[in-house]
Every structure is written in C-alpha cells, then in structure tokens.
Amino acid sequence: MFIREITVAELESSKAGPEAAEQTFHMDEQTFHGFYEKTARPLWSYLCRISGDAALADDLVQESYFRFLRAQLKSDDEAHRKNYLFRIATNLMRDHWRRGPRSESLDSASRSAPQTDEHTADRLQQRSDLGRALARLKPRERELLWLAYVEGSSHKEIAEMVGLRAGSIRLLLFRARRKMADLLRHE
Amino acid sequence: MIGTGGAANREGTMSESPKLQHCEREQQVLDALLSGRWAGPWGEEIREHAAACAACSEVVLVAQALQRESTVAAEEAGEPGAGPPPAGLVWWKAQRAALRAAEEQAAQPITLVARVAQAFGVLALAGTALWQWPRISAWLGSAHGVERLHPAASTGTEWIERLSQAFASPATGFLLAASAGALLTLMAFAAYVVWREE
C-alpha cells in the first residue's frame, strides 16, 4: 500500500489521536516537523533530479517519510537519520525502476545500456547543459555524484545509502566524475 | 585521462596510477565548495591549488555544476504547488497509513480462520455428498418418479413422510447437520465481517 492512496476523506474520518501515531512512530509530531523542514527539499531535489520526474519525486518523498517513521530507528543523531531517509528513498526509486514497464533493472542497465530510462533521459535533456550531461549518466552514477557533491556524504555514508561496499565507492565515484566532467566540457 | 601529472599541485600529491588519478586535497576542495568557504578570502589558497591541479579542477567543475542544479531544484521545490507537500499532511497521511496497516495486520488471523472455515464447510458438503451419493441418487430418482406419476404428490403428505424418513436415517441426518453447520459458520463470519466494516 502506498501512502499516496490515502484520501482526504479518510484523513477527515480518522478518529485516531496523536498518541496513536506516537506509539507507532519513533518520533513525535513536533520532532518530525523539524526534521522534515530540514530534509524534505534536499530529498525532493535528489529524487527529482535523479529520476527526472517531479511527480514521482512527490510520491517517493511521502513514501520515504512514512517508511522512515515506521522504522525502529534508535539513533537520535540527525545525520544518521538523514542518511537513513536517503537510503530508503534510493531503494524506493530503484524499486520503481525495477517495476517500471519501460525501464530495466539498474544492474542490467549498468552493465550494458548507457541510459536506463529513456523517459528520464528525455526529461533531463530538455533541461540545462547539466541536465543533458546527467541524462547521459547511469542512474547509479547520478546517485553517487549527487550524494557526494551536493549532499556532501562520505564514501561510507554513500555505501550505506546505495547498498554497495564502501571500498568500491571511491572508484565508482571517480569514474562517474570523470564521465560527467567530459560531458560538461563537451556540452 | 585527467591531469597531466607534474603540473598538479604544490601541496597535494597526485596518485601515479593511470587508472585512478586523484589528489589528496580533493576532499578539502569539496568541503570548501560545500561550506561556502570557496568563494571567500579563506578559500584563496584552495582556489589556487585547484586551478593548478587537474583532479581538483575536475572536482570543482562537477561539484559547482551539480550545486547550481541543486539550487535550481530547491527553488522549484519552493514554488507553489511544486515540491514536497507540507509536513503536517505527510504526518497525518503516515498516521492514517500506519493505522490502516495495523488494522490489516490485526485482521489477518480472523481472515485466515474465516477462509479455513469456508473451505472446511465446502469440503464437508462435498465429502458427505460423495459418501452418500448412492442414497441421494436413489432418493432423487424416486422423488422424480413420484412427481412424474403423481404430480400432486409433490405437495401432498408423501413428502412429509419422506422428510421424516430422511431425518430418521442417521446418514441423511448427518448430511443435513453438516450442511446446516457449514451454513451457520459462514453466516456468522459474514455477519462479523459486515459488523467490522461498519
């Protein structure tokens, strides 16, 4: 069940008090609001630019926060929470690509095709020079570059977020950076 | 291939590997860009280094392009009707979704029991019908014969007699009891499901 399936009517008919949610979630509403204000836009930007689809980013943002709230997260460390949120979002985006009728799995795509999703590529190409460069990268490369150069995540954090070994991040990031730099120079 | 080796930098050192050339100061360069220190007077030394270092200049090229894109995306996210929904809406949706998931989880055993009961009811009926098929067949055949010969018999006292005989037979009694039991079980679960939905 996706959180976007919840209708306004259902929300209005909900008799659940805030204490019910606080028993289910690992943070209270006030803490959530503060965390959301800090992380929602960066997360949306990440999802929007990696997927090239703002509507998909909207859905994935909501679903990511729902799963984040339901997770039994013990740590109060804000950086850890943010990394965990981005990890959920990255997995959801990958699941979406796997399920999508027009796209192929990231793994097979990264082995063969230069682009995984034609529609994503088209959307990105219509944008700036950077958009065109991004569109020619593999989704995994886009993820790595964004997390490293926009979010400032360490290799260890990126490894946790994208589900790869920390040791392989450096090389993958280097290759992605070189590819992106070449594309930017030739645009 | 990035970099031309020796022209690299004064303080940093370039890896000699042709496959993976990098500079030890790449992270410093990136930190300066991310923190905003790059553009200020504190960033002068690192800017000079990056200008002379192929690896670091590549970091600058890519990081600045991505950060520009991030700024554009953040502006888009702030436009009315675009970007992430308000925190309150996401909280309430999450709350409702959690309650719905909890309800579904709680109802799982009941749904399972209801399905098992339905399956047992159907199996009991089918099994009894198979077990008593010769008797049922003979009973239906004789009833059909009576109706054909004496149409009025279907509403007469003969049927009452036949019914009382049927109840008197233990096998047919069991058949009827099993059917009634299955029916009652189904009705009880149906009533429960309706009550729960309401």
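Undergrad: In this structure, what is going on with the overall build of chain A? I would like to understand it.
TA: Tallying secondary structure elements over chain A gives 11 helices and 0 strands in all. Ordering the α and β elements of chain A from the N terminus gives α-α-α-α-α-α-α-α-α-α-α. Residues classed as buried in chain A amount to 40% of the 187 residues present.

Undergrad: What is the right way to look at the overall build of chain B in this model?
TA: Scanning chain B from terminus to terminus reveals 7 helices and 0 strands. Going from N to C terminus, chain B has its helices and strands arranged as α-α-α-α-α-α-α. Classification of the 198 residues of chain B by burial places 21% in the buried group. Pairs at least 24 apart in sequence give 57% of the contacts found in chain B among residues at least 6 apart.

Undergrad: Hey, could you run me through the interface of chain B and chain A in this one?
TA: Size of an interface, as often reported, equals the accessible area lost when the parts are brought together. In this assembly, 34 residues from chain B lie in contact with 41 residues from chain A. The set of elements that each furnish at least two residues to the side of chain B that touches chain A consists of helix 1 (26-35), helix 3 (54-78) and helix 4 (87-131) of chain B.

Undergrad: Please clarify how the nonpolar core should be interpreted in this entry.
TA: Generally speaking, nonpolar side chains in soluble globular proteins are found buried as a group. Ranked by internal contacts, the top residues of the largest apolar core, which has 68 residues, are Leu43, Leu47 and Leu145 of chain A together with Val62 of chain B. Residue-level mapping places this core at the junction of two domains, with at least three residues from each of domain 1 (5-78) and domain 2 (87-197) of chain B. When sequence neighbours within four positions are dropped, the list of residues in contact with Leu43 of chain A reads Val61, Ser64, Leu85, Phe86 and Ala89 of chain A.

Undergrad: Just to check I follow, could you spell out the environment of Phe35 of chain A for this structure?
TA: All names here are of chain A. One can find Phe35 in helix 3 (residues 29-51). Exposure remark for Phe35: the 19 C-beta atoms within 10 Å place this residue in the partly exposed category. A sequence separation of 43 residues divides Phe35 from Glu78, and the C-alpha atoms of the two residues are 8.0 Å apart.

Undergrad: Whenever I open this one, the environment of Ala180 of chain B confuses me. Can you help?
TA: Within the fold, Ala180 of chain B resides in helix 7 (residues 170-197). Sequence separation between Ala180 of chain B and Gly121 of chain B is 59 residues, and the spatial gap between their C-alpha atoms is 9.5 Å.

Undergrad: Would you explain the packing of helix 3 of chain A against helix 5 (residues 78-99) of chain A in this entry?
TA: Angle between the axes and distance between the axes are the two parameters that describe a pair of packed helices. Residue and element names in this part refer to chain A. Remark: helix 3 packs on helix 5, axes separated minimally by 11 Å, with the N-to-C direction vectors making an angle of 30°. Taken together, the axes of helix 3 and helix 5 lie roughly parallel to each other. Regarding helix 3 and helix 5, the two cross each other, and that crossing is right-handed. In contact with Phe35, Thr39, Leu43, Tyr46, Leu47, Ile50 and Ser51 of helix 3, helix 5 contributes Arg81, Lys82, Leu85, Phe86, Ala89 and Met93. Taken together, the residues of the contact of helix 3 with helix 5 break down into 9 nonpolar, 2 polar and 2 charged.

Undergrad: Help me understand helix 4 (residues 54-70) of chain A in this model?
TA: Structural remark: α-helix, 3.6 residues per turn; residues separated by three or four positions point the same way. Between its first and last C-alpha, helix 4 of chain A extends 25 Å over 17 residues, near the 24 Å set by a 1.5 Å rise per residue. Along helix 4 of chain A, the residues classified as buried are Ala57, Leu60, Val61, Gln62, Glu63, Ser64, Tyr65, Phe66, Phe68 and Leu69 of chain A. Taken together, the buried residues of helix 4 of chain A touch helix 3 and helix 5 of chain A together with helix 4 of chain B.

Undergrad: Can you help me understand the confidence of the model for chain B in this one?
TA: Where the model shows low pLDDT, its predicted coordinates should not be examined in detail. All names here are of chain B. Overall, the prediction assigns chain B a mean pLDDT of 77, with 75% of residues at 70 or greater. Throughout residues 1-11 the model reports pLDDT below 50, and contacts reaching past four residues in sequence, or to other chains, amount to 26 contacts. Across the whole predicted complex the pTM is 0.64, and at the interface the ipTM reaches 0.73.

Undergrad: I'm lost on the packing of helix 3 of chain A against helix 4 of chain B in this one. Help?
TA: It is the contact of helix 3 of chain A with helix 4 of chain B, at a shortest axis distance of 10 Å, that shows an interaxial angle of 125°. Here helix 3 of chain A lies oblique to helix 4 of chain B, going by the angle between them. Pair helix 3 of chain A / helix 4 of chain B crosses with right-handed handedness. Contacts from Glu29, Phe32, His33, Tyr36 and Glu37 of chain A in helix 3 of chain A reach Ala87, Val90 and Trp91 of chain B in helix 4 of chain B. Among the residues forming the contact of helix 3 of chain A with helix 4 of chain B, the class breakdown is 5 nonpolar, 1 polar and 2 charged.

Undergrad: I keep staring at the environment of Ala79 of chain A and nothing clicks. Help me out?
TA: Locating Ala79 of chain A in the fold gives a position in helix 5. Given 11 C-beta atoms within 10 Å, Ala79 of chain A falls into the exposed group.

Undergrad: What should I look at first to understand helix 5 of chain A in this one?
TA: The end-to-end C-alpha distance of helix 5 of chain A is 32 Å, a good match for the 32 Å that 22 residues give at a rise of 1.5 Å each. All of the buried residues in helix 5 of chain A are Arg81, Lys82, Asn83, Leu85, Phe86, Ile88, Ala89, Thr90, Met93 and Trp97 of chain A.

Undergrad: Is there a simple way to think about the confidence of the model for chain A in this case?
TA: Taken over all residues, the pLDDT of chain A has a mean of 78, while the share at 70 or more is 72%. Segment residues 102-116 of chain A: pLDDT under 50, and 25 contacts once partners within four positions in sequence are set aside and those in other chains are kept.

Calculation criteria
- Residues numbered from 1 in each chain as written.
- Chains lettered and ligands numbered in written order.
- Predicted model: local features only at pLDDT ≥ 70, side-chain atom pairs only at ≥ 80, totals over all residues.
- Helix = DSSP H or I, 4+ residues; strand = E, 2+ residues; numbered from the N terminus.
- Buried ≥ 20, exposed ≤ 12 C-beta atoms within 10 Å, placed from the backbone.
- Contact = placed C-beta atoms within 7 Å.
- Core = buried A, V, L, I, M, F, W, Y, C linked by C-beta atoms within 7 Å.
- Domains from an automatic or database assignment.
- Axes fitted to C-alpha atoms, helices over the stretch in contact; angles between N-to-C directions.
- Parallel < 35°, antiparallel > 145°, perpendicular 65-115°, else oblique.
- Left-handed = near helix turned anticlockwise from the far one by under 90°.
- Nonpolar A, V, L, I, M, F, W, Y, C, P; charged D, E, K, R; others polar.
- Expected span 1.5 Å × (residues − 1).
- pLDDT = per-residue confidence, 0-100.

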